Amino acid sequence: MTQPVRSLRARVAKRSRPMLRPLLLGACSAVMIGAAVPGQGQDAPTATALLADSVSFDGTQLIASGSVEVIQGETRLTASRIIYDQSTGLLDIEGPLRLTSADGNTVILASAAELDDDLRRGLLTSAQLVIERQLQLAAARIDLVDGRYLRLEKTVASTCEVCVNRPVPLWEIRAAEVIHDSEERQIYFTNAHLRVMDVPVLWLPHLRVPDPSVDRNSGFLIPSIRSDSNLGTGIEIPYFLTLGDHRDLTVTPYLASKAVSLGLRYRHAFSNGTLELNGAVSKDDTYDGLRAYLFAEGTWDIGRDFTFGLDLRTTSNIAYLADYGIYEGDDLPSTLTLTRYKADEAFDAELIFIRSLRDTQTAVSDTLPSIMAEVSYETIYEPASLPGRLSFGLTASSSYRTSDTDMVGYDVLRIGGESHWDASTVFGPGVRLDGGASLYVDAYTQKDNSAYDSSVLRVTGAAETRLSWPLTRQTRTGASQILEPVMQLGWSRSEGGDIPNTDSGLVEFDEGNLLTLSRFPGADRRETGLTATAGLRFSHYGEETTYGLTFGRVLYLEDTLDYTAASGLSDTQSDWLIGASIRGDNGLSLSSRALLDDSASFTKWETRLDLDRDRYSVGTTYSYVIADAMEDRDTALNEFGIDSSIQLTPTWSADLDYLYDLAADETTRAGLGLTFQNDCARISLGLSRRFWDTDALDPTTRFSFSVGFGAYANETKSKSSCAF
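Residues numbered from 1 in each chain as written. Predicted model: local features only at pLDDT ≥ 70, side-chain atom pairs only at ≥ 80, totals over all residues. Heavy atoms only, no water.

Participant: Explain the overall build of the chain to me, please; I cannot follow it from the model alone.
Facilitator: Of the regular secondary structure elements, the chain holds three helices and 43 strands. When each of the 724 residues of the chain is scored for burial, the buried share is 40%. Contacts spanning at least 24 positions in sequence make up 45% of the contacts within the chain whose residues lie at least 6 apart. For the chain, the exposed area adds up to about 37,800 Å²; of that, 56% sits on carbon and sulfur atoms. (Helix = DSSP H or I, 4+ residues; strand = E, 2+ residues; numbered from the N terminus. Buried < 20%, exposed > 50% of the residue type's maximum accessible area, 1.4 Å probe, protein only. Contact = heavy atoms within 4.5 Å. Areas by Shrake-Rupley, 256 points an atom, 1.4 Å probe, with all protein chains shown as cover.)

Now the structure itself:
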């Protein structure tokens with residue numbers, strides 16, 4: 001950014017003569033010189049300590065030599081020889097010298113210097129300025145002014161380490177004059193030339209950049225070049241604008257051969273929360289007219305332990321978000337939440353607006369709810385007259401569809417109350433007995449659905465008892481092992497009318513709900529009848545390896561038709577649930593869960609395998625789910641994915657992202673990233689391909705390229721290196 005520096009240059013030119021200060025002599029190896037500390041008046045002088053191997057004084061001049069060190073407050077100066085003239089108050093210094101600021105973040109190296117006795121004014125020759133151990137500025141001369149400004153003449157600046165075999169840095173800025181403002185932490189360049197590999201690439205009459213110690217400062221961020229098969233080749237040039245200590249705005253214009261876009265990000269930190277807005281307006285060849293989107297996300301503490309949150313999302317076009325790589329989900333939800341959690345109670349309210357981004361937008365959005373709301377409150381008591389604990393809760397939920405068509409666009413309102421009691425005891429050789437009972441009351445009001453009554457009252461009672469016997473032992477290596485067989489009997493019954501299934505269409509059968517009376521995620525469906533569950537858990541906890549296995553199955557007296565086939569619970573005997581996990585100190589971890597029917601065929605299988613080492617990490621995923629029309633899946637889901645990163649050298653790293661559809665025998669998504677980073681520069685290249693081909697989305701190939709320099713390249717620091 002260009003910035004006028006005339007006022008700064010004028011202030012630098014006005015060098016006042018230091019005041020004459022009394023000299024206080026001590027031992028020949030240590031001398032104290034009266035000096036004013038910045039921020040204090042002249043009436044409150046602070047001593048400057050001068051330490052040296054030998055000191056002589058002729059009445060006017062003090063000469064210190066051999067390991068000389070001057071300490072002024074927190075500011076330190078080391079040199080080989082210093083001559084202090086009492087009549088002028090000047091220090092004549094012979095180098096090599098080192099001047100370190102009070103905070104330790106700025107260091108000046110020079111061959112010689114002439115400074116006043118408070119180290120706030122003077123000049124240094126053949127000097128080098130190092131800021132935050134990152135940015136180096138070499139100059140023929142440095143002037144110190146008022147303890148705040150440094151003026152450098154004939155300067156070369158870079159964050160690159162200069163090596164003997166490569167004396168020319170990868171990049172550097174040469175300037176006739178540089179001024180560093182230590183209070184504002186800004187660096188001003190005059191007549192600046194950016195050179196890459198000693199080749200001039202850019203000239204700026206004036207340039208302002210923050211020094212590396214600044215966390216937030218207005219100015220341009222790292223630009224990036226992007227090439228998209230649909231949008232063409234273009235460049236992003238983000239500009240960051242601070243709006244005080246608690247707000248900022250990032251403006252990102254994107255200019256491409258087939259598109260023009262303007263992105264905005266606004267962030268605001270309040271005393272009780274945060275708000276972030278992200279949006280863009282675009283014009284491109286793929287669509288006739290403007291397209292735009294806006295996402296808003298924030299949370300606030302509104303008092304009395306309540307937290308309010310919002311996550312609002314809207315777009316003008318269903319393909320816009322995927323075309324620009326912003327969002328790739330099937331549905332675009334917006335959410336408002338209000339929550340409060342305490343040790344003995346919980347309150348949760350949620351309002352969701354849903355927009356479908358699928359191909360058949362009109363048909364799907366008519367059948368799926370566009371607005372959903374849910375409120376729940378639960379409190380827990382531990383009465384002294386009753387073993388165990390009691391909990392009571394109130395819930396309400398509603399769903400609204402835009403269509404008025406009978407049985408397609410039906411709307412539902414539910415109000416319910418529930419209570420639970422549970423207790424446990426241990427007897428005999430460590431056998432544990434758990435018991436519990438529940439009561440649910442739900443009242444429904446429905447419209448636009450002739451298959452069900454408009455008003456329905458449903459009451460559900462349930463009871464369960466569970467018997468488990470945890471067996472523990474310790475191996476010869478010191479590892480602990482737990483084997484726990486479990487058996488559970490449960491009963492439940494519902495009385496009342498039928499209701500449509502709005503909130504329990506997708507059911508997951510896993511280790512978390514193996515020992516529950518109902519595996520439905522919502523309230524519209526409850527398990528009924530007599531059930532029996534058998535399970536076995538084994539866990540191993542060792543210093544080097546931890547692993548566990550879970551087996552389980554549920555038996556029903558009658559078919560559970562409300563469960564889908566893919567859930568593994570739709571028959572009188574559920575599928576076998578098998579879960580396994582392992583984690584070792586060698587970086588290997590595995591998590592797998594499978595549902596197998598009696599013929600040992602998979603209904604569902606999910607596996608994640610990770611190998612995390614110092615130089616590389618590899619993660620693989622496999623997902624399989626059978627086709628199920630009740631879950632709106634006409635073909636089986638069968639996918640294999642890889643996400644990995646590797647540190648090729650101390651400065652080069654690579655990332656790989658790959659997803660393959662085994663059912664369709666085609667690649668779904670692929671991406672490759674290559675990054676070079678050291679203290680000198682950061683270069684990133686990315687190549688990705690989306691292979692989806694639908695009515696709304698075409699296959700897309702994207703290429704990105706960005707370059708950053710040293711301390712301005714990335715938030716993280718890396719190892720120093722002279723070259724690639």
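On we go.
Participant: Can you walk me through the packing of aromatic side chains in this structure?
Facilitator: The description of two aromatic rings rests on the distance between their centres and on the angle between their planes. A complete count under the given rule lists 14 aromatic pairs for this structure. Here Phe538 and Tyr547 contribute two aromatic rings whose centre-to-centre distance is 6.1 Å and whose plane-to-plane angle is 40 degrees, an arrangement assigned as tilted. Phe538 gets classed as partly exposed once you look at its relative accessible area, which sits at 22%. With centroids separated by 4.6 Å and ring planes inclined at 10 degrees, the aromatic side chains of Phe602 and Trp605 adopt a geometry described as stacked. With relative accessibility at 29%, the residue Trp605 sits in the partly exposed group. One aromatic cluster in this structure is built from Tyr293, Phe295, Tyr320 and Tyr324. The ring of Tyr440 has Arg526 lying over it, and the distance from NZ or CZ to the ring centre is 3.9 Å. (Phe/Tyr/Trp six-rings, centres within 6.5 Å; stacked < 30°, edge-to-face > 60°. Lys NZ or Arg CZ within 6 Å of the ring centre and 35° of its normal.)

Participant: I would appreciate a short explanation of the pattern of salt bridges in the present structure.
Facilitator: Two side chains bearing opposite charge may form a pair once their charged atoms approach each other closely. Applying the stated rule across the entire model yields 42 salt bridges. Residue Arg151 pairs with Glu177 through a salt bridge whose shortest N-O separation is 2.9 Å. Of the two residues, Arg151 is situated in strand S11 (residues 149-158) and Glu177 in strand S12 (residues 171-181); the sequence distance between them amounts to 26 residues. The closest approach of N and O atoms between Arg608 and Asp610, which form a salt bridge, is 2.8 Å. The class for Arg608 is partly exposed, based on a relative accessible area of 27%. Salt bridges linked by common partners bring Arg141, Asp143, Arg151, Glu153 and Glu177 together as one network. (Salt bridge = Lys/Arg side-chain N within 4 Å of Asp/Glu carboxyl O.)

Participant: Quick question: what am I supposed to make of the state of the cysteines here?
Facilitator: In protein chemistry, a disulfide is the covalent bond that joins the sulfur atoms of two cysteines. Within this structure, the stated rule accounts for one disulfide. Note that Cys160 is cross-linked by a disulfide to Cys680, the S-S spacing being 1.7 Å. Between Cys160 and Cys680, the disulfide has an S-S torsion of 45 degrees and is therefore right-handed. Within this pair, whereas Cys160 is found in the loop between S11 and S12, its partner Cys680 is found in the loop between strand S41 (666-677) and strand S42 (681-690), the two being separated by 520 residues in sequence. (Disulfide = S-S within 2.5 Å.)

Participant: Any chance you could explain the pairing of strand S32 (residues 480-496) here in plain terms?
Facilitator: Regular strands place their side chains on alternate faces of the sheet. Pairing of strand S30 (residues 455-468) with S32, which is carried by eleven bridges, proceeds in the antiparallel orientation. Considered in S32, the bridge of Leu467 is made with Met487. As defined by bridge partners, strand S31 (residues 471-474) adjoins S32 across four bridges and the pair is classed as antiparallel. Along S32, the bridge assignment pairs Leu471 with Leu483. What sits between S31 and S32 in their antiparallel hairpin is a turn of five residues, with Gly478 showing a positive phi close to 95 degrees. Relative to strand S33 (residues 529-541), S32 runs antiparallel, the two sharing 13 bridges. Residue pairing in the sheet places Gln488 in a bridge with Thr533 of S33. (Pairing = 2+ DSSP bridges.)

Participant: How should the side chain of Arg553 be read in this particular structure?
Facilitator: Tracing the backbone shows Arg553 in strand S34 (residues 545-556). Classification of Arg553 by relative accessible area gives buried; the value is 11%. Here Ser574 takes part through its backbone oxygen, which lies 2.7 Å from a polar atom of the side chain of Arg553. Of the polar contacts made by the side chain of Arg553, one reaches the side chain of Asp598; its length is 2.4 Å. (Polar contact = N/O pair within 3.5 Å; in protein donor to acceptor, adjacent residues only side chain to side chain.)

Participant: What am I meant to see in a nonpolar patch on the surface here?
Facilitator: Taken together, Trp469, Leu471, Leu483, Leu536, Leu549, Phe551, Trp576 and Ile578 make up a surface patch of nonpolar side chains, about 640 Å² in accessible area. Every element with two or more residues in the nonpolar patch is listed here: S34 and strand S35 (576-584). Residue classification places Leu483 among the partly exposed residues on the basis of a relative accessible area of 33%. (Patch = residues over 30% accessible without salt bridge, like charges linked within 9 Å, V, L, I, M, F, W, Y side chains within 5 Å.)

Participant: Got a minute to help me understand the nonpolar core in this structure?
Facilitator: It is characteristic of soluble globular proteins that their nonpolar side chains tend to be buried jointly. Formed by 46 residues in total, the largest nonpolar core has its most connected members in Leu77, Ile93, Ile108, Leu124, Leu137, Ile142 and Phe189. Tallying contributions element by element places strand S10 (residues 135-145) first for this core, with five residues. When residues no more than four places from it in sequence are discounted, the contact partners of Ile108 are Leu97, Arg98, Leu99, Leu124, Ala127, Gln128, Leu129, Ile142, Leu144 and Leu150. Counting 14 residues, the second-largest nonpolar core is a separate cluster that includes Tyr254, Ile318, Tyr320 and Tyr324. (Core = buried A, V, L, I, M, F, W, Y, C linked by side-chain atoms within 4.5 Å.)

Participant: Would you explain the environment of Ile173 in this entry?
Facilitator: Here Ile173 shows up in strand S12. Overall, Ile173 belongs to the buried group, its relative accessible area being 14%. Remark: the alpha-carbon pair of Ile173 and His193, spanning 20 residues in sequence, is separated by 5.5 Å. Discounting residues that sit within four places of it in the chain, Ile173 has contacts with Thr155, Val156, Ala157, Phe189, Ala192, His193, Leu194 and Leu207.

Participant: How should the confidence of the model for the chain be read in this particular structure?
Facilitator: Fine structural detail should not be taken from predicted coordinates in areas where pLDDT scores are low. Overall, the predicted model of the chain reaches an average pLDDT of 86, with 89% of residues at or above 70. With pLDDT under 50 throughout, residues 714-720 is counted as low confidence; its partners more than four residues away or in other chains account for 13 contacts. (pLDDT = per-residue confidence, 0-100.)

Participant: It is not clear to me how the side chain of Thr460 should be interpreted in this structure. Could you clarify?
Facilitator: When you line up the elements, Thr460 lands in strand S30. Since its relative accessible area comes to 1%, Thr460 is described here as buried. For Thr460, the contacting residues outside a window of four places in its chain are Ser438, Leu439, Tyr440, Arg493, Ser494 and Arg526.

Participant: Would you mind showing me how to read unusual backbone geometry here?
Facilitator: Negative phi is the rule for most residues except glycine; trans is the rule for most peptide bonds. The omega angle of the peptide bond from Gly95 to Pro96 is 5 degrees, so this bond is cis rather than trans. Backbone geometry at Ser67 places phi at a positive 50 degrees, although glycine is not the residue there. With respect to the element layout, Ser67 can be found in strand S5 (residues 61-72). The phi angle at Asp665 is positive, at roughly 55 degrees, despite the residue not being glycine. The topology assignment puts Asp665 in the loop between strand S40 (652-661) and S41.

Participant: Just to check I follow, could you spell out the pairing of strand S17 (residues 232-236) for this structure?
Facilitator: Residues Gly232, Gly234 and Glu236 of S17 are buried on one face, while the alternating residues Thr233 and Ile235, pointing to the opposite face, are not. Here strand S16 (residues 224-228) runs beside S17; their pairing, made up of five bridges, is antiparallel. Paired with Ser227 across the strands is Thr233, a residue of S17. The sheet contact formed by S17 and strand S19 (residues 247-256) spans three bridges and is antiparallel. Among the inter-strand pairings, Ile235 is bridged to a residue of S19, identified as Leu255.

Participant: Please clarify how the environment of Val214 should be interpreted in this entry.
Facilitator: Tracing the sequence through the fold places Val214 in the loop between strand S14 (199-210) and strand S15 (219-220). Overall, the relative accessible area of 17% leaves Val214 in the buried class. Each C-alpha atom, one on Val214 and one on Gln186, is 8.5 Å from the other, the two residues being 28 residues apart in sequence.

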